[in-house]
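Descriptive structure summary
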Amino acid sequence: MRLSRYLLPTLKENPVEAQIVSHRLMLRAGMIRQTAAGIYTWLPLGYRVLRKIEQIVREEQDRAGAQELLMPTLQNSDLWKESGRYDAYGPEMLRITDRHDRVLVYGPTAEEVINDIARNELKSYKETPKILYNIQWKFRDEVRPRFGVMRGREFLMKDAYSFDLTYEGAKHSYNKMFVAYLRTFARCGVRAIPMKASTGPIGGDLSHEFIVLAETGEEQVYCHKDYLAMPIPSEDVDYDSDLEPIYNQWTSLYAATEDKYDEAEAKAVGDNLLSARGIEVGQVFYYGKKYSNPMNVAVAGEDGKPVLIEGGCYGIGVSRLMGAIIEACHDDNGIIWPESVAPFKVGLVNLGTGKEVADKACDDLYAKLTKAGVEVLYDDRDERAGVKFSTMDLIGLPYQLIVGLRGLEKGVVELKNRKTGERREMSPEDAVAFLTR
Ligand code: ATP
Ligand code: MG
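Notes on the structure in this doc start here. Here the structure is a predicted model, which means the values were calculated and not measured.

What counts and what doesn't
Residues numbered from 1 in each chain as written. Chains lettered and ligands numbered in written order. Predicted model: local features only at pLDDT ≥ 70, side-chain atom pairs only at ≥ 80, totals over all residues. Heavy atoms only, no water. Core = buried A, V, L, I, M, F, W, Y, C linked by side-chain atoms within 4.5 Å. Buried < 20%, exposed > 50% of the residue type's maximum accessible area, 1.4 Å probe, protein only. Helix = DSSP H or I, 4+ residues; strand = E, 2+ residues; numbered from the N terminus. Domains from an automatic or database assignment. Phe/Tyr/Trp six-rings, centres within 6.5 Å; stacked < 30°, edge-to-face > 60°. Lys NZ or Arg CZ within 6 Å of the ring centre and 35° of its normal. Pairing = 2+ DSSP bridges. Axes fitted to C-alpha atoms, helices over the stretch in contact; angles between N-to-C directions.

1. Observations concerning the nonpolar core
- Among the nonpolar cores identified, the biggest contains 86 residues, and I53 and W337 are the most heavily contacted of them.
- Residue contributions to this core peak at nine residues, all from helix 6 (residues 167-187).
- For this core, the two domains that each supply at least three residues are domain 1 (3-335) and domain 2 (346-435).

Okay, structure coming up:
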């Protein structure tokens, strides 16, 4: 992509409405714009990152055996009356009346819709277990939307739901999602710690929140500091046989959100206890028969008699996760994207725009890298070097490939690593080889 043609409205000044660094940087880097309280347009740069995060989430759900479908944003309110949550959910739920005076709900979550699908489409025990998920926009009419995409009203969520015959089966599904989450967040470049959590309005009795530690986090959390170094399960984890040991390891130490804080347990951790602020990027719940009971979600068991489904639900705040990544990965000059979610891998900086030698060298690098499948944002604008450097630092691409006239005379370009700040001179060929390796 050529920057001269790209919609990248960066801001020099810190917007006054932004109180935390991720919100400031997302506005300054031209990633989002607010259109109503807590509702955002995702500009091209921001949308690229959102899609990358979404794709990692999807790949890890698929790896764990979950199946993707897509549920609507607008839901039938009758289903919510059946589950008993129509009144219980309260003013956070946006209710809309259509022209026939029927009430629709803009889904804040989708237990009702998916359980309606399950009771109609799953007939026999042979069709269990199943984990179904979608990545869809949700709406919650938060009293105080704030911190940008961190607490929006409209936000992107991955929500998965499991359907099992027995508690043991449901626990196995829970463990699958637990392990998939460890991998998902690690691949996004952040460490999310599973902490014992209260189950809130969704209900149930076994739950973990996945928390990214950050000063600006809304929650007070406590955990053993060894969580910061615990190994992440590898890509070839076996989702049938490896789960329990991993689950046991990751829950063997103390980690709890404020609601589940236990003084005696915390004391036992002694000097190893971290007390910190955290951002909830995901949550896993076992909720048993909470929905199958009122909604009559059952399949025929081996003896032909109906068996009520044991369920769980598993959310990831895909758009919030972007804010959390920025909270964890930035410096005074801007964002430092982990390569896995970066909007582009390389920023190609032409310091001699308009000079034939420089333009030619850059065009050549741009063509070669693009052809090799490397995502390049090419700063071909007629701007001062200082402006180009600060734009690149602000938007945080992992590498900057800097092409200047003086270097070209010596046959070299400069490759800067955004994270370490390290700069290395090399031939254009070596730069291409490095970036395409
Ligand atoms: P919170 O306690 O932060 O209000 P929640 O526990 O009500 O969130 P869940 O129902 O667990 O949220 O939803 C799954 C995930 O969706 C959360 O872990 C969080 O990452 C994300 N999420 C929830 N509410 C919002 C919001 N208003 N804006 C952005 N993401 C959100
Ligand atoms: Mg939650």
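2. Comments concerning the packing of aromatic side chains
- Throughout the structure, instances matching the rule amount to 17 aromatic pairs.
- Arranged with centres 5.8 Å apart and planes meeting at 80°, the rings of Y6 and F344 form a pair that is edge-to-face. Taken together, the residues Y6 in the segment before helix 1 (21-28) and F344 in the loop between strand 18 (334-335) and strand 19 (346-350) connect sequence positions 338 residues apart. For the pair Y6 and F344, a shared accessibility class is recorded, and that class is buried.
- The interplanar angle of 65° and the centroid separation of 6.4 Å between the aromatic rings of Y174 and Y314 together place this pair among those described as edge-to-face. One end of the pair, Y174, is in helix 6; the other, Y314, is in strand 16 (residues 310-317), with 140 residues separating them in the sequence.
- One aromatic cluster is present, built from ring pairs that chain together Y174, F178, Y181, F185, F210, Y247 and Y314.
- Here the guanidinium or amino end of R95 rests over the ring plane of Y86, the centre of that ring lying 4.6 Å away.
- Above the ring of F434, the side-chain terminus of R424 is found at 5.5 Å from the ring centroid.

3. Comments concerning the environment of L8
- Here L8 is to be found in the segment before helix 1.
- With relative accessibility at 13%, the residue L8 sits in the buried group.
- The sequence separation of L8 and S427 amounts to 419 residues, and the corresponding C-alpha distance is 30 Å.

4. Brief notes about the sheet that holds strand 5 (residues 94-97)
- With antiparallel pairing, three strands are arranged side by side in an open sheet as 4-6-5. Here the strands that pair on one side only, and so sit at the sheet edges, are strand 4 (74-76) and strand 5. Geometrically, the sheet is characterised by an average inter-axis angle of 40° between neighbouring strands, direction not taken into account.
- Across four bridges, the pairing between strand 5 and strand 6 (residues 103-106) is antiparallel. In the sheet register, I96 faces strand 6, and the bridge partner there is L104.

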